[in-house]
Amino acid sequence: MLLLEALLTLSAQDSHLFTRRRFLGWSQAALAVLGAASILPSKSNALSTTSEAQSADDYYAKLGVEKIINAAGTYTYLTAAVMPPQVQHAVAQAALHPVVLKDLQKASGEYIAKRLRCEAALVSSGASAALTLATAACIANANGVAANLIPESVGGIKNEVIVQKAHRYEYDHAMLLCGVRIVEVTTVDEYRRAFSPKTIMTNFFNSAEGGEIDRRTWLEVAHQYNVPCHMDAAADMPPIENLWKYTGMGYDLVCFSGGKGIRGPQNAGLLLGKKHLIDLAMESNNPNSDAVGRGMKVAKEQIVGMVAAVDWLLEQNDETDQAEYARRADVIVREVKDIPTMKTEVFVPEIANHVPHLMLAYDPQVVGITPKQVQERLRAQRPRIELNPATGSSGRFGSHSNENTIVVGTWMLQPGEAEIVGRQLRVVLSHPNV
């Protein structure tokens, strides 16, 4: 009691220093002196409580969902990029307060447009949603029709989108949601003949490996017919300048994925371009109930996350980043270079995923295991490692990879993971029958 009385007296005398935390510290000290430590949590119990709290916070662990090492790239099926700390912090802060969604949409669009040197911008729920909103905007632009009439009324109005045959892809669905008809062309002459009174837009897939018509010619011809031109550049960052390069060329609308090289939330994207078209895209966007984009909701956290990601990205340097990705490739090469018949190459794709990819080519007959089998072995190990899906196949990287090539994407690796990937590759390739 004497000690407690002394402590309370001291706290009264030094009231300007008094805090709840200090009082608890004093109280625990007094209880310990009085032999009452048994009523406080024991060290083992405290550790157990901390462990349980950490486990509760880790919802991957709670749900039994395994974490992976991403040696593949910014693929949606692998949840794309990890947001940088300042983006994570911005997302967490945005979750603390409600706002008027349209105010946030307007302010974020104006801010991003200014930073990315275009007339206007919109944060979408990914690049695919941006393509849908772009298509809806072009329908409204060509027909003077309200957003709530898309796609119901499209069959009887202007509804044609011109696309190079080599640029047809699974994301055509994003346009078809709006009720359009896609017109295929191959040559420039066919392209010119394809324009009709029903044409509302042309779409250029920027990273398409085929197609006779280059991006500048495609744009110029569209503008000769006064038709807006959309570019799908979803995975085409880096380099950072691409975020203003294509709108600077004159493309009326350009979409980017937010969760790939930009390092924003995966379920976010950007639609950049001419203000009158972005304004029309906004009319078809959430939270407008009677609109094709109503289900393409972007929460306040993701909108703020995209703004923060743009800010973060513009502080980065392409050369520094590329050097780091190449360094990671060198770490892996050092581990596997002595594998029999091994040949290594670092390849940087020209457009999409314009970052170093490590190609490990070898003779499976000599080594005793195929690249596909290596891929499965690494998936079965802990930690699970995911290689680039082009591993053991031809086509994705042209002549740089085939059925005898392991492809490692290094740019999504976290600190220390290149060393793990290198060691595990060496183990599997050195012991193919284990």
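Residues numbered from 1 in each chain as written. Predicted model: local features only at pLDDT ≥ 70, side-chain atom pairs only at ≥ 80, totals over all residues. Heavy atoms only, no water.

### A closer look at the pattern of salt bridges
1) Next: Within the structure shown, the criterion is met by 17 salt bridges.
2) Next: Among the ionic pairs, R327 bridges to E324, the shortest N-O distance being 3.0 Å. Linking R327 with E324, this pair stays in helix 14 (residues 318-336), spanning 3 residues, or about one helical turn.
3) Next: With a relative accessible area of 28%, E324 lands in the partly exposed category.
4) Next: Here the salt bridges do not stand alone but share partners, grouping E376, R379, R384 and E386 into one network. (Salt bridge = Lys/Arg side-chain N within 4 Å of Asp/Glu carboxyl O. Helix = DSSP H or I, 4+ residues; strand = E, 2+ residues; numbered from the N terminus. Buried < 20%, exposed > 50% of the residue type's maximum accessible area, 1.4 Å probe, protein only.)

### Structural notes on the layout of surface pockets
1) Next: What the largest pocket holds in volume is close to 1000 Å³.
2) Next: Residue lining of the largest pocket: 41 residues in total, with F205, S207, A235, A352 and N353 positioned closest to the centre.
3) Next: Classifying every residue of the lining of the largest pocket by side-chain character gives 19 nonpolar, 15 polar and 7 charged.
4) Next: If you add up the space inside the second largest pocket, you get close to 710 Å³.
5) Next: Lining the second largest pocket are 21 residues, and of these Y60, I68, L78, T79 and V82 sit closest to its centre.
6) Next: Split by residue class, the lining of the second largest pocket holds 11 nonpolar, 7 polar and 3 charged. (1 Å grid on protein atoms, 1.4 Å probe; cavity = no way out; pocket = protein on both sides within 12 Å on 5 of 7 lines; lining within 4 Å. Points joined across faces, edges and corners; volume = space filled by probe spheres on them. Nonpolar A, V, L, I, M, F, W, Y, C, P; charged D, E, K, R; others polar.)

### Describing the sheet that holds strand 10 (residues 357-361)
1) Next: As summarised here, the arrangement of the 3 strands in space is 9-10-12, forming an open sheet in which the pairing is antiparallel. Both outer strands of the open sheet, strand 9 (343-347) and strand 12 (405-409), are each paired with one neighbouring strand and no more. Neighbour-to-neighbour, the strand axes of this sheet turn through a mean angle of 20°, independent of strand direction.
2) Next: In terms of strand pairing, strand 10 meets strand 12 through 5 bridges, oriented antiparallel. Counterpart to L358 in the pairing with strand 12 is V408. (Pairing = 2+ DSSP bridges. Axes fitted to C-alpha atoms, helices over the stretch in contact; angles between N-to-C directions.)

### Section: unusual backbone geometry
1) Next: Put simply, I150 and P151 share a cis peptide bond, and its omega is 10°.
2) Next: Examined against the element boundaries, P151 turns out to sit in the loop between helix 7 (127-143) and strand 3 (160-164).
3) Next: One non-glycine residue, T79, lies in positive phi territory at about 65°.
4) Next: Looking at the secondary structure, you find T79 in the loop between strand 1 (68-71) and helix 5 (85-94).

### Re a nonpolar patch on the surface
1) Next: Taken together, the side chains of Y59, Y60, L63 and V65 make up a nonpolar region of the molecular surface, amounting to roughly 460 Å² of accessible area.
2) Next: In this structure, Y59 sits in helix 4 (residues 59-63).
3) Next: Judged by relative accessible area, Y59 falls into the partly exposed class, the value being 49%. (Patch = residues over 30% accessible without salt bridge, like charges linked within 9 Å, V, L, I, M, F, W, Y side chains within 5 Å. Areas by Shrake-Rupley, 256 points an atom, 1.4 Å probe, with all protein chains shown as cover.)

### A word on the packing of helix 7 against helix 12 (residues 275-283)
1) Next: At a closest axis distance of 8 Å, the pairing of helix 7 and helix 12 adopts a crossing angle of 110°. It follows from the interaxial angle that helix 7 and helix 12 lie roughly perpendicular. Every residue of helix 12 that contacts helix 7 at L133, A137, A140 and N141 is listed here: H276, L277, L280 and A281.
2) Next: Here the contact of helix 7 with helix 12 is built from residues that sort into 6 nonpolar, 2 polar and no charged. (Parallel < 35°, antiparallel > 145°, perpendicular 65-115°, else oblique. Contact = heavy atoms within 4.5 Å.)

### Things to note about the packing of aromatic side chains
For any two aromatic rings, the description comes down to two numbers: the centre-to-centre distance and the angle of the planes.
1) Next: Counted under the stated rule, the structure contains 10 aromatic pairs.
2) Next: Look at Y169 and Y171: their rings are 5.5 Å apart centre to centre, the planes differ by 75°, and that puts the pair in the edge-to-face class.
3) Next: Measuring from ring centre to ring centre gives 5.1 Å for Y191 and F195, while their planes differ by 45°; the resulting arrangement is tilted.
4) Next: Across the ring face of W244, the terminal group of R117 is positioned such that the distance to the ring centre comes to 3.8 Å. (Phe/Tyr/Trp six-rings, centres within 6.5 Å; stacked < 30°, edge-to-face > 60°. Lys NZ or Arg CZ within 6 Å of the ring centre and 35° of its normal.)

### Points about the sheet that holds strand 6 (residues 229-232)
1) Next: Reading across the sheet, the 7 strands line up as 2-8-7-6-5-3-4 and stay open at both edges, with mixed pairing between neighbours. Either end of the sheet is taken by a strand with one partner, and the two such strands are strand 2 (120-124) and strand 4 (181-185). Within this sheet the neighbouring strands show an average axis-to-axis angle of 25°, counted without direction.
2) Next: As paired strands, strand 6 and strand 7 (residues 253-257) are joined by 3 bridges and run parallel to one another. When the bridges of strand 7 are listed, M231 appears paired with V254.

### A short note on the pairing of strand 12
1) Next: Most of strand 12 sits inside the fold, with 5 of its 5 residues counted as buried.
2) Next: Of the two faces of strand 12, the one holding T405, V407 and G409 and the one holding I406 and V408 are both buried throughout.

### Considerations on the side chain of R263
1) Next: Within the secondary structure layout, R263 lies in the loop between strand 7 and strand 8 (269-273).
2) Next: In this structure, R263 is in contact with A81, V82, M83, P84, V87, G258, A309, W312, Y325, W411 and M412, ignoring residues within four places of it in sequence.

### As for the confidence of the model for the chain
1) Next: In the predicted model, the chain carries a mean pLDDT of 89, and the fraction of residues at 70 or more is 87%.
2) Next: In the predicted structure, residues 1-51 sits below a pLDDT of 50 and forms 18 contacts with residues beyond four places in sequence or in another chain. (pLDDT = per-residue confidence, 0-100.)

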